[in-house]
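Close look at the chain arrangement
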Amino acid sequence: MSASLGPSLVLRSNASPRCLTGYISKSKSNTSNSSSAGNDPSNPFDDNPSSSSSSSSSDIVYSVAFGTERGSLHFRTYTIDITAATTQGDDASQLLIDAETTIPDGLINLQGAVKGAIVGITLATRCTVGVTQQQQQLQQQQLVLSDGTNSNLTSPPIFLLLVDDNRGSTTTASTTDSNSGTYAAHLVIVKNGSFHKLPPAPSSSGGGDGLLDGTANSSNATTTTTSMDKTPSHKRGGSTGGFGSTSSSGWFGESSNASSISMGMSTPKNSMLATPGNTTSNNNATATSSSSSLGSLPRMSCATYHPHTGFVYAAGTGVYGLPPQAVKAVLAGMTTMMNDTSSAGGRGGGSSSSSTYYRRGHGGQGGSGGGGGIGTTTTGLSTSTMMKPPIALYLKCNHVLPPPGVRGGSKNAMTLACSGRVAIVAVTNTFYVVPAFLDVNVLRNQEPATANVAAASSLMASLPSVSATKLLSFAQSSQVHPVIAIEVLSSNDGSTASSASSGDVMRYLRSVTSLVVLASGRECTTVDIESIPDANAVSTIEKGGTVLGGMVRTAIQSSACRHGIATLPSPIVAAASLTGGSGVGDISSGPLVSLLTADGLVHIRSPLCIAVPLTTIEVGTRPNDYFSLSPLPSLLKHGGGKKTMLATSYGGEARLVSCQAESPQVFADRFIKLSIDAFGPNGFPRLELANSIGSTFSATSYVGPEPTAHKRSLLQQYLEVVLGLADDVRRGGGRLSSMASENIQIYVNQEGGMEVEVNEPNQDQPSLQAASSSLGPNALLTCTALLCLVCFQVNPPNATLACRASKACASAMGIRRRGDTSVAKSAVTVCELIADRLLKEAAAASFSRLSPSPISPSNRHAPSGASMQFVESAVWLLRSCGCHEKAIFVLEERMNDPALRNASVAGDGQMGNGFAFGWSQIKFDSYIATHLGDLWSSKDEKYCQLVIQSSATRDLLARNPSLGLSIFTSTHPQNENEWRKMKPGDDPLAHPFYPSKVTELLKLVSPHATSKELLEKVSNDASGSLPLHSGGRALAVAYLESALGISSGRPTENQSDPSYRGEFDERKADMHDELSYLLLEGVISERVDGESAEDSDLGALYRLKLRRLLSWPNSMIRSERLLTSLPTSFLREHALLLGRLGRHEDALRIFYCDLSSMELALEYCDIRHERKEEEGRKVRSTTPSECAYIPLVKVALNADSDPDRGVAAAIQVLALRRNVIDKSAALRLLPKNVPLSEMTRPFLIPAVVENQSQVRRLSVASALLRSRYMQLKKKLTEAQLKSQASLHTVPALQKLNLGEHLHSSKPTKARLVHPASSPNFPEVLLVKHFFSRHLVIQAQVMNVNSSQAYQDDARTLTDVAFVVAESSDEALLPTLQVPLKTLPPRATGSAWCVLAASPQRLDGTAFLASELRFTVLEVDAAGAPLTFVEANAPGYGRPFVEELLDLEIRHTEFS
């Protein structure tokens, strides 16, 4: 990572700056067409420039507001060179501002605004959608860079000023509050090119006495700016304010009951350079506000802003929000900012007379602009722009801090964390946190809890007391240098939803965690702070109940300092959090913090390892000159890897400082130097590491000091962050690399802090995918290896972190070959050497057979006994670099060592020093199975061969058959859905060799069965599992059943498809045959000796599985081959094979005659019938297939030795399957001499009754479907008639370019050429619509019979078309017809005909021969057609073609 200085911003004024805030905004620039723009006398901040020749354009500017030690207030804007920003790449020094003009383009000066130095200035900005952290100013400013139309960036800013009037320690008779702050406070807004006191919120026209007023009145904030050369008329003096008994002087010192005078100035570019000390030259403009004044604010020691709280300040021993009137004024000003698109903060902008502000009851997507728990109202605003009242309220916090009270005077002396729920302040050298109350009423868009004065007083008395929690004390207690607290990372609180549903309220009422940087003197550290809403209140709200006043109390939990306290060489005077960057996962893309020290250096560090320096840059050479850091967003849409800030000095200079994304070279050099500091030059594989990551010669040859425990701790912290293993503020144990995931959203707060929202479905599994994409495989491997090594050498050893890091690395690297070109050999060597080091130093006796390691032994005593966690880390490292065979060998050798195998102490496997002797057998087996399964699923020839030949595979199958079998079956589809989604190449039998090799391997395994396993009862279901401990045959059967899909619901395949045949199918048939022979062997081998030759329980299960395979539709067994191998006693199996050969009568003869089982014969026929129906649904066949039950009837009649019994059996089949059997074919097979009485009761009567019932059921269903059809048909017809009723609604006409519509003729009734012979002709009105190039004829058809004799007949017309058959002039030619599809009785619809017209060629009158074509359908009384047949089918309806009288078209009608 590197930092660079950009150009300086000129902040020349009459005195030195004391405070500053900067941000990016959008401004209007006025470009004059005159030859001398510098002589243009127009005010660049006027809404309407006087020069009519000027043109307005939008610029992106840096806006800077600062106050001086003499009480002057200044506003500057600096034009940004966007072209350079998008073309200069990573060169930050040329990125930001036009190098030719670092002087401001626009400025506002207010000399002597207050009496005293302005020591603090805080900006209020609204919260944007999806952002919930402090002000979210940088994220809002970022929007302008991608959307130049964002009106928020052209709105006037609102500032809170803190003024040192030297009255902070004075106590008078009128001011006796012990909690009085050190500084006077004022609210300021920039409008119309000048500073103004923030006007009060418009009062209600109804005169309401509550805190929520009614309709706004814009007359309460009238502002007038005088000419530029007028002598200033403001006076200095004190008066009593409206909020308290404080006094101020100068511009802010007028009484609230009198006319307030506000000064503002806008100076042209040629006169902007003011001479320091000149207090009158720039005071040449005045601004007069209305008689209604906001009054004085309470005195404050420090203040900050958050959209959920508004302005919050600390004074004495208390923490407060602003008074009610000030809250309403800020909300009103914020709402004006959101709606007045012509206002501009940069270069003044336009005026804003809007007085509307937030009204209770409307939802909003923004934050709030208030404080102190006050609700305000608005009128006339859309929901998306409403400003919410404060959500987090600091109530009953008057005396929560110990004396002597809060420290102030610096920009970051106070901060709000956890989405504004926690206020962090300092008392002397100790930091305290103060919790807030959450107003659920605001979350529900209801009346705020403190909206009514009386209710608020009662509520305050009922609320529990608030106490501050001590967070941290620094050793240094110097009051000279400021205390600093900034939030850099926070979890999302879920408050960004625009709706007010119960779910959104509960999303906000959840814990929020923030990472905060604290600094005092030369010390700094980071702390996790969590805000937890009261569990009882949350449970009540979740159940739909209410809590006291809708207020939810919060509690605070904080962690100890992350990695201790870091000490810098010089005192820290300012800090800022930096965001932006590529967001890829390297350390530069995460949150960074910049620390400005008194010697003029800016230190860039990660808050997750703040003691590790990343880079340092010098901004000033004089001590104690630069005093402030302000973060700024990147100018590029995606950040471009740059993080920008503004450093300000007392000398009136502000320098832009940019940090670029870390390059691989910088990372490599820092990494190897930190490693040398931690281990020494010879304590780790230095040269191999340097070659793998590509570090420079100077970094590699770095010697460094003597290694210490502190240096090793720094390396550990650094590698944790780089690898994404640092503790995450969201869960306390997550990963930083998740911030680079595609499912992570990162938001930015005012101080540059980041807020992370996680959408990952599983947040518990470590992943380094983002880190690996940034670091690359070589850096990822070496970083993980060095982290494991340093975890072993720290005291106490951190075996858990080493194991987690190596496991995550293996997951990110995946299964890689050892010779993979993407991984350098030197990186693999580093992993192997460190793994060997870990194995040697972690074991009680060295058993590693790896190559000798050149790493020198560690400087501390190795732990007694063996640490299996470090052994596991070494194994994961070997897996990461592709040394899988070694990894398996290490664990095998260890588990086979009698001295270490399954050893434990005190029953928990732990020693007193925290090291475990060994793994349990089940853990070892699970690990080996997972590792071998990953290798097998990689489908790499080398690794698959390793799995098959490895002794670990055979031992695991013998020791734990089910776990060992999962090595080969874990990737098989487990259900029908997975089988359907499977690609052809992923079929378990797709490989030409491995299925058969696995089968042979499994057949040779002899599992070690336990006594418990031997006593287990065998399943009597064919779908049950074979006892795998019974032998290798059971393992092979289980594998083949999983591979074929017979046990996992593989869908039926169309084996008649020609593409289904091929070499692959031959291999599949071989596997099917193999399974059938294995099952047959199992049946024969498990038969009980004796004459009965009965099957044992296991043999019966084999037989059931064999029968299931023979009956399976997808079975590809070669039946002829198997049939010759079956013993003669396997009758059912013979029958199933005969059925597969299509010899169904022979199969049924075995069931009926040999086995004497009608049930089995019917079951066989039922299966055939179901398959035929399924095939019929898939493929429609015009040729009817033979009924599945007819062969059984034939067998019963012909094969039975007793004819009468055969007839009875045939009649039984007819009776039992009368609903599916072909009755006529079966009856024809019966002998003619069979009496009718024998068939009447069992077959004929039930068949007739069922048929009649079926007719009745179908009749009812038909009537219901007919009714439903008519309802839908009616709706469709009405919609069609409506769409064709008007000239402008017909879709077909809208697609034509008809030209200009000239006029339309009056409707005329169409007449028939032969009226007497047309009794079915409906009434038709013709309307002619004339266009410049077309003639459109509309035929309005009314389905009413024109003949009196047929007027009562109901009929439906279909396909009604008006057709122009012939035209007498070629200037009119028909081009399009739009017929009516359906016209119900007594309905009216329009048919259209379009003719292309050439009026200039039309001579005189043209005659059009036309006709009406339609089809008449007979309908019932409800208007439904009597028949439902397809169009043009016989019986559909009677078509008619009625010839109409010719139409006359004159050429004059087109004029």
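Shown above is the structure to which this text applies.
Read on for a plain summary of the structure. In this text the structure is predicted, and so the values were computed from the model without any measurement.

1. Points about the packing of aromatic side chains
Tallying each qualifying case throughout the model produces 14 aromatic pairs. Judged by centre distance (5.8 Å) and plane angle (25 degrees), the rings of Phe667 and Phe671 are stacked. Pair noted here: Phe667 and Phe671 are both in helix α8 (residues 664–679), with a separation of 4 residues, about one helical turn. Given a relative accessible area of 6%, Phe667 falls into the buried group. On the accessibility criterion, Phe671 (0% relative accessible area) is buried. Seen from the ring of Tyr702, Lys673 lies directly overhead, with NZ or CZ sitting 5.9 Å from the centre. Directly above the ring of Phe1130 sits Arg1103, whose terminal nitrogen or CZ lies 4.4 Å from the centroid.

2. Description of the pattern of salt bridges
All chains considered together, the criterion is met by 30 salt bridges. A salt bridge links Glu1000 to Lys1003; the nearest nitrogen and oxygen atoms lie 3.7 Å apart. On the criterion of helical spacing, the pair formed by Glu1000 and Lys1003 is a turn pair, its members being 3 residues apart in helix α22 (residues 994–1003). Lys1003 sits in the partly exposed class, given a relative accessible area of 33%. Between Arg1118 and Asp1070 there is a salt bridge, with its nearest N and O atoms 3.0 Å apart. Residue Arg1118 is located in the loop between α26 (1097–1111) and α27 (1119–1125), and its partner Asp1070 is located in helix α25 (residues 1063–1085); the two are separated by 48 residues in the primary sequence.

3. Re the sheet that holds strand β18 (residues 422–427)
Read from one edge of the open sheet, 4 strands run β17-β18-β19-β21, paired in antiparallel fashion. Where the open sheet ends on each side, the last strands, each with one partner, are β17 (415–417) and β21 (469–473). If you compare each strand with its neighbour and ignore which way they point, the axes differ by 30 degrees on average. Two elements, strand β19 (residues 430–435) and β21, share 4 bridges in a ladder whose sense is antiparallel. Opposite Phe431, over in β21, you have Leu472 as the bridge partner.

4. Quick notes on the pairing of strand β24 (residues 523–533)
Within β24, 9 of the 11 residues are buried, which leaves it mostly tucked inside the rest of the structure. Two strands pair when backbone bridges link them, and strand β23 (residues 512–520) and β24 are joined in this way by 9 bridges, in the antiparallel orientation. By the bridge assignment, Val512 is partnered in β24 with Ser531. Where β23 folds back on β24, the antiparallel hairpin that results is connected by 2 residues, among which Gly521 adopts a positive phi of roughly 65 degrees. Here β24 runs beside strand β26 (residues 566–567); their pairing, made up of 2 bridges, is antiparallel. Looking at the pairing, Glu523 lines up with Thr567 of β26. Pairing between β24 and strand β25 (residues 551–558): 5 bridges, direction antiparallel.

5. What about the pairing of β23?
Within β23, 9 of the 9 residues are buried, leaving the element largely enclosed by the surrounding structure. Along β23, one buried face is formed by Val512, Ser514, Val516, Leu518 and Ser520 and the opposite face, lined by Thr513, Leu515, Val517 and Ala519, is buried too. Where strand β22 (residues 483–491) and β23 come together, 7 bridges link them in antiparallel fashion. Paired with Ile486 across the strands is Val517, a residue of β23.

6. Quick word on the state of the cysteines
Per the stated rule, a full pass over the model turns up 0 disulfides. Summary of cysteine pairing: Cys1187 is not part of a disulfide, and the nearest cysteine sulfur, belonging to Cys1165, is at 8.4 Å. On the accessibility criterion, Cys1187 (13% relative accessible area) is buried.

7. Some details on the sheet that holds strand β1 (residues 3–10)
Paired through their backbone hydrogen bonds, the strands of a sheet run either parallel or antiparallel. If you trace the 4 strands from one edge of the open sheet to the other, you get β1-β33-β32-β31, paired in antiparallel fashion. Among the strands making up the open sheet, the edge pair consists of β1 and β31 (626–632). The sheet shows a mean angle of 25 degrees between the axes of neighbouring strands, taken without regard to direction.

Rules used in this analysis
- Residues numbered from 1 in each chain as written.
- Predicted model: local features only at pLDDT ≥ 70, side-chain atom pairs only at ≥ 80, totals over all residues.
- Heavy atoms only, no water.
- Phe/Tyr/Trp six-rings, centres within 6.5 Å; stacked < 30°, edge-to-face > 60°.
- Helix = DSSP H or I, 4+ residues; strand = E, 2+ residues; numbered from the N terminus.
- Buried < 20%, exposed > 50% of the residue type's maximum accessible area, 1.4 Å probe, protein only.
- Lys NZ or Arg CZ within 6 Å of the ring centre and 35° of its normal.
- Salt bridge = Lys/Arg side-chain N within 4 Å of Asp/Glu carboxyl O.
- Pairing = 2+ DSSP bridges.
- Axes fitted to C-alpha atoms, helices over the stretch in contact; angles between N-to-C directions.
- Disulfide = S-S within 2.5 Å.

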